[in-house]
Every structure is written in structure tokens, then in C-alpha cells.
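Chain and residue survey
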Amino acid sequence: MAYPFVESPNVTRANGRPIDVVVMHTMEIAERPDAAQICARWFASPASQVSAHYCVDAGGVIQCVREKDIAWHARGGNTASIGVELAGFASQTRRDWRDDYSSAVLKHAAALVAEICRRRRIPVRWLVADDLPVGRRGITGHVEVSRAYGKSDHWDPGDGFPVEAFVDQVRVRQQAQRRAARGPRARV
Ligand SMILES: [Zn+2]
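Let me begin by describing the structure that accompanies this report.

How each quantity is defined
Residues numbered from 1 in each chain as written. Predicted model: local features only at pLDDT ≥ 70, side-chain atom pairs only at ≥ 80, totals over all residues. Heavy atoms only, no water. 1 Å grid on protein atoms, 1.4 Å probe; cavity = no way out; pocket = protein on both sides within 12 Å on 5 of 7 lines; lining within 4 Å. Points joined across faces, edges and corners; volume = space filled by probe spheres on them. Helix = DSSP H or I, 4+ residues; strand = E, 2+ residues; numbered from the N terminus. Nonpolar A, V, L, I, M, F, W, Y, C, P; charged D, E, K, R; others polar. Axes fitted to C-alpha atoms, helices over the stretch in contact; angles between N-to-C directions. Parallel < 35°, antiparallel > 145°, perpendicular 65-115°, else oblique. Left-handed = near helix turned anticlockwise from the far one by under 90°. Contact = heavy atoms within 4.5 Å.

As a further point, take the layout of surface pockets. Empty space within the largest pocket amounts to approximately 490 Å³. Around the largest pocket, the lining comprises 24 residues; the ones closest to its centre are Val 50, Trp 72, His 73, His 142 and His 154. Those elements that provide at least two residues to the lining of the largest pocket are strand 2 (21–26) and helix 1 (35–44). Examining the composition of the lining of the largest pocket, we find that three residues originate from one element, helix 1, more than from any other. Val 21, Gly 77, Ala 80, Leu 132 and Tyr 149 are, among the 14 residues lining the second largest pocket, the residues nearest its centre. For the lining of the second largest pocket, the secondary-structure elements that each account for two or more residues are strand 2 and helix 3 (142–149). Of the residues in the lining of the second largest pocket, the class split is six nonpolar, six polar and two charged.

Below, the discussion takes up the packing of helix 2 (residues 100–120) against helix 4 (residues 163–182). In contact at an axis separation of 8 Å, helix 2 and helix 4 are set at 60° when each is read in the N-to-C sense. Between helix 2 and helix 4, the interaxial angle falls into the category oblique. Once helix 2 is placed against helix 4, the crossing between them reads as right-handed. Contact residues: Leu 106, Lys 107, Ala 109, Ala 110, Ala 111, Val 113, Ala 114, Glu 115, Cys 117 and Arg 118 in helix 2; Phe 166, Gln 169, Val 170, Arg 173, Gln 174, Gln 177, Arg 178 and Ala 181 in helix 4. Across the contact of helix 2 with helix 4, the residue classes tally to ten nonpolar, three polar and five charged.

Read these as spatial facts, not as claims about activity.
Shown next as C-alpha cells:
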């Protein structure tokens, strides 16, 4: 799927890199309609020295880095990953993640991550820190990359992030995408 593209210069060019992990982040930007735009603008500034492949808010997705290139989002874990930034804060509680705005963010993010995993044949499962250095493939959070490699103290997307519900949602979206890709069944 093609998303609006706001290019970030903060990338390491790569060609044919393996992509094993999708890393979820929170932007630390408030729940506002233009959160993804604000985040993308920050990534577009050479001064920020950070980037991610995708920024997601309640309205949808903006892409900032081509998947083939390495974004600068999770120190130690950038080389083989895709970074996804969610509007909101790591300090959000379970309940905060259930409000209308976050529900919309998670819905867009689930569709995006489902599509990435399907295209890249990445298993839809949550990885913890110990899984990463041994090369397991799946979805994880910035906090697990920080724990695995000790190069950052970032703990997003936070303890309140609904890991299981999100992975379930990705799975459901992926099933729907697979059905759509197969097209309508022939009637006999
Ligand atoms: Zn992060």
C-alpha cells in the first residue's frame, strides 16, 4: 500500500537488507489530528538525527523512510528492522490506549503491521529482548531493543501498551488482507 511520503534524510542507505523485526514506538507527541505530520517533520529535519519508517496517528499513516533503507529509531536494533511510531506517550495506561484516539491509532497500525508482516513473511508474534540477539523474527517494542542491546534507555511503547490485543488485531487484519488478496471465491 502507498502512504503519503515525507522523506527523512536521517537514514543509512541499504540494498537488499534482511528485515526481521517490526519495532513499535510512541512518538511522545500528544493525541492531536496532525501528530503523524509533526513527527514526520521532525524526522525530515537533519538536526533531529532520528527517523522511523512510518508515523501513525488517528487519521492514518505517513511514511518517512523507504523500507529498503535503515531508519534511526532503535539504537542497536536498526539494521534489520522497520520502525513504526504511534501517536501518544509511553506513559499511557491500558485505559488511555482504549480511548477513541488510541483505538484509531492501533487500528491503522495493525493494518500497516499486518501488511508489512505478510509482505516480508514475518511471523505475527511479540518478541522480547532475549529473542532479538538470536535473530527471531516478529514484532517488538523499542523497550525490548533497549534491553537487548543496552544502547538506549527508551522504554516505549510503555507498560500500558496492549501487546496481546495488538498482536491479535494484527492477526485478524492479516487474515482479512489474505482473503481480499485471494479475491471472491468462484461459485459452483
Ligand atoms: Zn522509541
